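Examining the three-dimensional arrangement
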Number of protein chains: 4
Amino acid sequence: MTTITTNIKNPERVRVKHEQIFDAALSLVKKKGFNKMTLRDISKETRMSLGNLYDYIGSKDDILFLIHQKAAKIFEANIDSSGWKDAPPLEKLRKIIEVEFDSKVVCQDLVMLMYQESHELPKEALRNVLGLEEKRITVFEEVVRESIDAGLLRPVNPVVIAHFIITLIDGWVLRRWSIHKKVTADEMKKSIMDMIFSYVLDGAREGA
Amino acid sequence: MTTITTNIKNPERVRVKHEQIFDAALSLVKKKGFNKMTLRDISKETRMSLGNLYDYIGSKDDILFLIHQKAAKIFEANIDSSGWKDAPPLEKLRKIIEVEFDSKVVCQDLVMLMYQESHELPKEALRNVLGLEEKRITVFEEVVRESIDAGLLRPVNPVVIAHFIITLIDGWVLRRWSIHKKVTADEMKKSIMDMIFSYVLDGAREGA
Amino acid sequence: MTTITTNIKNPERVRVKHEQIFDAALSLVKKKGFNKMTLRDISKETRMSLGNLYDYIGSKDDILFLIHQKAAKIFEANIDSSGWKDAPPLEKLRKIIEVEFDSKVVCQDLVMLMYQESHELPKEALRNVLGLEEKRITVFEEVVRESIDAGLLRPVNPVVIAHFIITLIDGWVLRRWSIHKKVTADEMKKSIMDMIFSYVLDGAREGA
Amino acid sequence: MTTITTNIKNPERVRVKHEQIFDAALSLVKKKGFNKMTLRDISKETRMSLGNLYDYIGSKDDILFLIHQKAAKIFEANIDSSGWKDAPPLEKLRKIIEVEFDSKVVCQDLVMLMYQESHELPKEALRNVLGLEEKRITVFEEVVRESIDAGLLRPVNPVVIAHFIITLIDGWVLRRWSIHKKVTADEMKKSIMDMIFSYVLDGAREGA
DNA sequence: GATGAATGAGTATTCATTCAT
DNA sequence: CATGAATGAATACTCATTCAT
């Protein structure tokens, strides 16, 4: 398993320090990008000495990995805690789209970071992170599949739909420099919802 | 205007060398990312001496700007040369979506680079690049607007639709690690087309 | 205040290392001039690693500033510790001239450096250094003024006299390539002393 | 003989170009110092191409030598053309002091440059330049000697006097940052004159 | 004689990482 | 566990100089 190297025995202590490092790093990466962020920056921001910092991480890349992992956990947790599982099928879909959208809007920095900096991760770590994301997408696929099986949706490809959902939501963040001036988050959420449902409910007009 | 600094007087020579630099840089950025690409790498790859390289650029950032500018031009040119203007309204829309998709598929490296490295650009250069992209999006908006005005489409927000089109197409490239194993480009192109048209033609089911 | 940047927390350590850097730099500047002296030279000479060197200075210019500051301190200290203050007025003047001369003779390298390299200092640092020198000159002015007030000297302009004293003494160092072959330091000291006193005691012959 | 390398046959052409180079270089050295002045700067300022520049000089150091040589010639010429030779002995001395002072005041940039940058000259060239200066000083020595021989002055050491004269005059320029605010050139000229004459006419008071 | 493109060694500076205390 | 000083490889950029045309 991909793990962050640490010399420290007390796991709780590690958890707390990792939390601090995450906070500092996220704000710094946002400000200057991962490459221009230095470990001295982190050291200053966390008020840990440089040497101590290295007791909790094995390398600078570990910090990036830490952020990605945490991000994955956050997005997963947001879905999990939304209680979507208790809703009826179609409502489930609507619910997780909504939660995912809200979640991504709140954590825009994380979204940006995942698209912009993930390629800086060492291969192994990248694989790990992508694996987590892949697992997360499966939830969307399953929900769609369930509705199809229940005859509530056209027999579309759940993989494609899940991909569209994530893409459209992330697009709202990734292209914010262009779109946020022109469309509000609520409008966008509604548009995405309509777009997805217009497609899965009634079906395509065969592209005109 | 944002321009790349050069000491060389012969503009044709500059054009040619910039081409070479672009080629080398694109492949190197793809391989190691912009930050880990060194000017020595470029120098070796282009077989220009380090000093000579600096006769054609003002700084390393200029190389990134060069790529972005060139990318913008390529995507613009692909649309322009597709003859979409001569088609009837709805066909126009279909056409530019198709061309944009094909264009982005061919230049996946450029797409990745634009999302991953644009934040490394100096502010001024970034503004410039985003401006070009914004201008490009306008084409999509106009085509949608025209069809709406002609009563061929529902009165959707052209800004949103244009945004969706670009987002869905770019999503196919950005998330290729996940989706390319599962869905072919042609399937995806058709799905995107259907998705867009199902939305603009008939309309949303009010999100279930 | 103009200060040398350092990352090191222990001030005593900083003091010691600055001392080492000063020693190395002075000898190197003497040998090759400030511009041709490289930080690698300093690093080698001080046996500090390049990175560590930069923990004690902020830039190469800081080294030049370090030397200038130190030089100013040395010349000031030499005067201060000479006990001139306890002498009677005219004797005071004689004393500080003598001390200044001896001081400059011992530190000829510093004198050369101050005239040759000070223009390489950043503006702010230069201002600072000139300020220190100006303050130092004031001592000479005051001593002259005191003797004048006591009726022991003609009412000459103390500013001019102080300027002459420093100029004549520094001239012995600056033009050593010419004069040291022909006149000994002791002769010169006596000549300068006579010259100054012949002027302030009895007065000019109205330029012949 | 120390000479500046050139490939060009036509000596008049060389003279003219050297003149241009001198003008450009002097102003540039004044502005940024010899080290920070680049040959590209010179090229731009003289509107000669870089290659062409190298047809008239052998190296960057040649430019510094060119300036020094020219400076020496100027100071020499100023003395020569002053008609001092036709004056009676004491008047001769007074005259050349005055001319030297005026000459140095007009060419302050050259004076600064000679003290600040001469150590950048290659050994051979430095020797050459110092030789010219030495020769120039001899004039002062001779004039003093003549007056002594004529019984018009005390039997002082002419070498010392000549040295003092040059030193005091150059001091007015070298320390201008301090003294120009407080004393005018005319006052200074008079003070120097008085100082010298008070010393050579009547003699020292044995240093109090 | 003139042009301007090319060369490449050289330099200040940064920063991830280590380690003695 | 924590500190902070030390290491040194790496890198963007400059500039004197050369040379084909």
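Fair warning: this is a prediction, and the values are worked out from it, not measured in the lab. (Residues numbered from 1 in each chain as written. Chains lettered and ligands numbered in written order. Predicted model: local features only at pLDDT ≥ 70, side-chain atom pairs only at ≥ 80, totals over all residues. Heavy atoms only, no water.)

1. A look at the interface of chain A and chain B
Facing the 51 residues of chain A at the interface are 50 residues of chain B. At the boundary of chain A with chain B, total buried surface from both sides reaches about 4700 Å², with 62% on carbon and sulfur atoms. For the chain A face of the interface with chain B, the top three residues by lost area are His-163, Arg-175 and Met-195 of chain A, together amounting to 15%. Between chain A and chain B we count twelve salt bridges in total. Ionic pairing is found between Asp-170 of chain B and Arg-175 of chain A, a salt bridge with its closest N-O pair at 3.6 Å. (Contact = heavy atoms within 4.5 Å. Buried area = accessible area lost by both parts, 1.4 Å probe. Salt bridge = Lys/Arg side-chain N within 4 Å of Asp/Glu carboxyl O.)

2. Re the packing of helix H10 (residues 185-202) of chain A against helix H10 (residues 185-202) of chain B
Between two packed helices, what matters for the description is the angle formed by their axes and the separation of those axes. In contact at an axis separation of 9 Å, H10 of chain A and H10 of chain B are set at 105° when each is read in the N-to-C sense. Classified by the angle their axes make, H10 of chain A and H10 of chain B are roughly perpendicular. For the pair H10 of chain A and H10 of chain B, contact is made by Ser-191, Asp-194, Met-195, Ile-196, Ser-198, Tyr-199 and Asp-202 of chain A and by Ser-191, Asp-194, Met-195, Ile-196, Ser-198, Tyr-199 and Asp-202 of chain B, respectively. (Axes fitted to C-alpha atoms, helices over the stretch in contact; angles between N-to-C directions. Helix = DSSP H or I, 4+ residues; strand = E, 2+ residues; numbered from the N terminus. Parallel < 35°, antiparallel > 145°, perpendicular 65-115°, else oblique.)

3. A closer look at the packing of aromatic side chains
Scanning the entire structure with this criterion turns up five aromatic pairs over all chains. Over the ring of Tyr-199 of chain C we find Arg-154 of chain C; its NZ or CZ atom is 5.0 Å from the centre of that ring. Positioned above the aromatic ring of Phe-75 of chain D, the side-chain terminus of Lys-104 of chain D is 5.1 Å from the ring centre. (Phe/Tyr/Trp six-rings, centres within 6.5 Å; stacked < 30°, edge-to-face > 60°. Lys NZ or Arg CZ within 6 Å of the ring centre and 35° of its normal.)

4. Observations concerning the protein's contact with DNA strand F
Around DNA strand F, the surrounding shell holds 40 residues, and the nearest of these are Gly-51 of chain A, Tyr-54 of chain B together with Gly-51, Asn-52 and Tyr-56 of chain C. Of everything in DNA strand F that lies within 4 Å of the protein, sugar and phosphate atoms constitute 66%. Arg-13 of chain C places a polar side-chain atom, nitrogen or oxygen, 3.2 Å from a sugar or linking oxygen of DNA strand F. Between Gly-51 of chain C and DNA strand F, the recorded distance is 3.2 Å, taken from a backbone N or O atom to a base nitrogen. Of all the secondary-structure elements, those providing two or more residues to the surface near DNA strand F are helix H1 (11-36) and helix H3 (50-56) of chain A, helix H2 (39-46) and helix H3 (50-56) of chain B, helix H1 (11-36) and helix H3 (50-56) of chain C together with helix H2 (39-46) and helix H3 (50-56) of chain D. (Near = heavy atom within 4 Å. Polar contact = N/O pair within 3.5 Å; in protein donor to acceptor, adjacent residues only side chain to side chain.)

5. Observations regarding the arrangement of the chains
In this structure chain B stays clear of chain C, and the shortest span between their C-alpha atoms is 21 Å. Structurally, chain A and chain D remain out of contact, their C-alpha atoms never closer than 30 Å.

6. Quick word on the protein's contact with DNA strand E
Near DNA strand E, the surroundings consist of 38 residues, among which Gly-51 and Tyr-56 of chain B, Tyr-54 of chain C together with Ile-8 and Gly-51 of chain D are the closest. Within 4 Å of the protein, the atoms of DNA strand E are drawn from sugar and phosphate moieties in a proportion of 64%. The contact in question runs from a phosphate oxygen of DNA strand E to an N or O atom on the backbone of Lys-9 of chain B, over 3.0 Å. Among the residues making up the surface near DNA strand E, the classes are represented as twelve nonpolar, 15 polar and eleven charged. (Nonpolar A, V, L, I, M, F, W, Y, C, P; charged D, E, K, R; others polar.)

7. What about the relation of the copies chain A and chain B?
Under the fitted operation, chain A is carried onto chain B by 0.0 Å of movement along the axis and a turn of 179°, and the coordinates agree to an RMSD of 0.1 Å. A rotation of that kind, with that shift, is consistent with a two-fold axis. The position closest to the rotation axis in chain A is occupied by the C-alpha of Gln-116 of chain A, lying 2.1 Å away. Comparing interface residues between copies, 98% of those in chain A also lie at the interface in chain B; the contact surface is shared. (Least-squares fit on C-alpha atoms with pLDDT ≥ 70 in both.)

8. A closer look at the confidence of the model for chain A
The predicted model of chain A averages 92 in pLDDT, with 96% of residues at 70 or higher. Counting interchain partners and residues more than four positions distant, the pLDDT-below-50 stretch residues 203-208 of chain A has 18 contacts. (pLDDT = per-residue confidence, 0-100.)

9. Concerning unusual backbone geometry
Residue and element names in this part refer to chain C. In the Ramachandran plot, Arg-47 falls in the positive-phi region, its phi being about 55° despite a non-glycine side chain. Looking at the element boundaries, Arg-47 is found in the loop between helix H2 (39-46) and H3. Using a relative accessible area of 79% as the deciding quantity, one classes Arg-47 as exposed. (Buried < 20%, exposed > 50% of the residue type's maximum accessible area, 1.4 Å probe, protein only.)

10. A word on the domain arrangement of chain A
Think of interface size as the accessible area that goes away when the parts come together; that is how it is often given. Residue and element names in this part refer to chain A. When the domains of chain A are assigned, the result is domain 1 (1-58) and domain 2 (61-202). Centre-to-centre separation of domain 1 and domain 2, based on C-alpha positions: 28 Å. Facing the 19 residues of domain 1 at the interface are 17 residues of domain 2. Counting the contacts that link domain 1 with domain 2 gives two salt bridges. A salt bridge links Lys-30 to Asp-109, with the shortest nitrogen-to-oxygen separation between them at 3.5 Å. At the boundary of domain 1 with domain 2, the tally comes to four residue pairs in polar contact (both at pLDDT 80 or more). With eleven residues, H1 is the largest single contributor of residues to the side of domain 1 that touches domain 2. Residue classes in the side of domain 1 that touches domain 2 are distributed as eleven nonpolar, six polar and two charged. (Domains from an automatic or database assignment.)

11. Re the pattern of salt bridges
Summed over the entire model, instances satisfying the criterion amount to 96 salt bridges over all chains. Between Glu-133 of chain A and Arg-136 of chain A there is a salt bridge, with the nearest N and O atoms lying 3.3 Å from each other. With Glu-133 of chain A and Arg-136 of chain A both in helix H7 (residues 123-149) and three residues apart, this pair spans about one turn of that helix. Taking relative accessible area as the criterion, Glu-133 of chain A reaches 8% and is therefore assigned buried. By relative accessible area, which is 6% here, Arg-136 of chain A ends up buried. Linking Glu-133 of chain B and Arg-175 of chain A is a salt bridge whose minimum nitrogen-to-oxygen distance equals 3.1 Å. Of the two residues, Glu-133 of chain B sits in helix H7 (residues 123-149) while Arg-175 of chain A sits in the loop between helix H8 (158-174) and helix H9 (176-179), which places them in two different chains. By relative accessible area, Arg-175 of chain A is classed as buried at 4%. Beyond isolated ion pairs, a larger network of salt bridges with shared partners links Glu-100, Lys-104, Glu-133, Arg-136 and Asp-170 of chain A together with Arg-175 of chain B.

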